[in-house]
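What the coordinates show
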Amino acid sequence: GFVLIVVLIAIVGIIFLGISLRNNSAEVSQSQRIASFLSSLSYLTSSCQINSNYQDVSDLIRRCSNKEICDDSRTSCEVLESILEESMMASFIVNEESYTRYYNLSVVDGNVPLIKEIVKGELIGCSRKLYNERVFGSNIVMKLEVCLEE
C-alpha cells in the first residue's frame, strides 16, 4: 500500500514537472534564438581590412571603440553600423504581415554609444519583448531588443 502511494505521488510529480517545463520552453527558445543571433552576428566578416586582414563584427566593435580606420579610409564605426543595419534588415522583417513588430540594436562602450541605435518598427501591438546582450571586453556591450506579436 505504501509503495503504491509513493509511485502515484512520483507520477503526479513527473506530470506536473512536464507541464511546467513545456510552458516555459517557448520563451526560453525565443530568448536563445536572440542570443544565438547576436553570437552569429559577432562572427560575420565585413569588407573592412586593417593591415590587410578582414575584420569581423567583434573586431570592428573593438576597433570602433578605439576609433581605428580601415585600409580604404572608412572608419571602423561606419563599416560596423552599415553591416549591422544590413544584417538586421535581412534577419528581422518588420511589417504588418510579420510577427516581428520592433527591434532595437545598440552598441555601447560603458554608457557611450559607438554607433547610432538601429531601430525599426513601433512597440504598438507588441505582445512579447525579448532582450539579450553580448559583452565584448570589459565595457563594450551589443544589446538587442525584439518585440513580437503572437
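Everything discussed here concerns the structure shown above.
Fair warning: this is a prediction, and the values are worked out from it, not measured in the lab. Within every chain, residues take consecutive numbers counted from 1 along the sequence as written. In view of the model being predicted, local features appear only for residues whose pLDDT reaches at least 70, and side-chain atom pairs are presented and counted only at 80 or more, with totals across whole chains, interfaces and linings using the full set of residues. Each side-chain value is worked out from all heavy atoms of the structure, with water and hydrogens disregarded.

1. A closer look at unusual backbone geometry
Short version of the rule: Note on conventions: DSSP H or I runs of at least 4 residues are helices, E runs of at least 2 residues are strands, and numbering of each starts at the N terminus. Only protein chains enter the area calculation, which uses a 1.4 Å probe; residues under 20% of their type maximum are buried, those over 50% are exposed, and those in between are partly exposed.
Despite not being glycine, serine 52 has its phi angle at roughly 65°, a positive value. In this structure, serine 52 sits in the loop between strand 1 (45-50) and strand 2 (53-56). Positive phi, normally seen in glycine, also occurs at serine 73, with a value near 80°. Note that serine 73 resides in the loop between helix 2 (57-65) and helix 3 (76-91). A residue is classified by how much of its surface remains accessible, and serine 73, at 61% relative accessible area, is exposed.

2. Here's the deal with the packing of aromatic side chains
Condition: Whether two aromatic rings pair depends on their centres lying within 6.5 Å, for rings of Phe, Tyr and Trp, where Trp uses its six-membered ring; planes under 30 degrees apart make the pair stacked, over 60 edge-to-face, and the rest tilted.
For the structure shown, the criterion picks out 2 aromatic pairs. Measuring from ring centre to ring centre gives 6.1 Å for phenylalanine 92 and tyrosine 103, while their planes differ by 50°; the resulting arrangement is tilted. Residue phenylalanine 92 is found in the loop between helix 3 and strand 3 (100-109), and its partner tyrosine 103 is found in strand 3; the two are separated by 11 residues along the sequence. For the residue pair phenylalanine 92 and tyrosine 103, the accessibility class agrees, reading buried in each case. Among the aromatic residues, those joined into a ring-pair cluster are Phe37, Phe92 and Tyr103.

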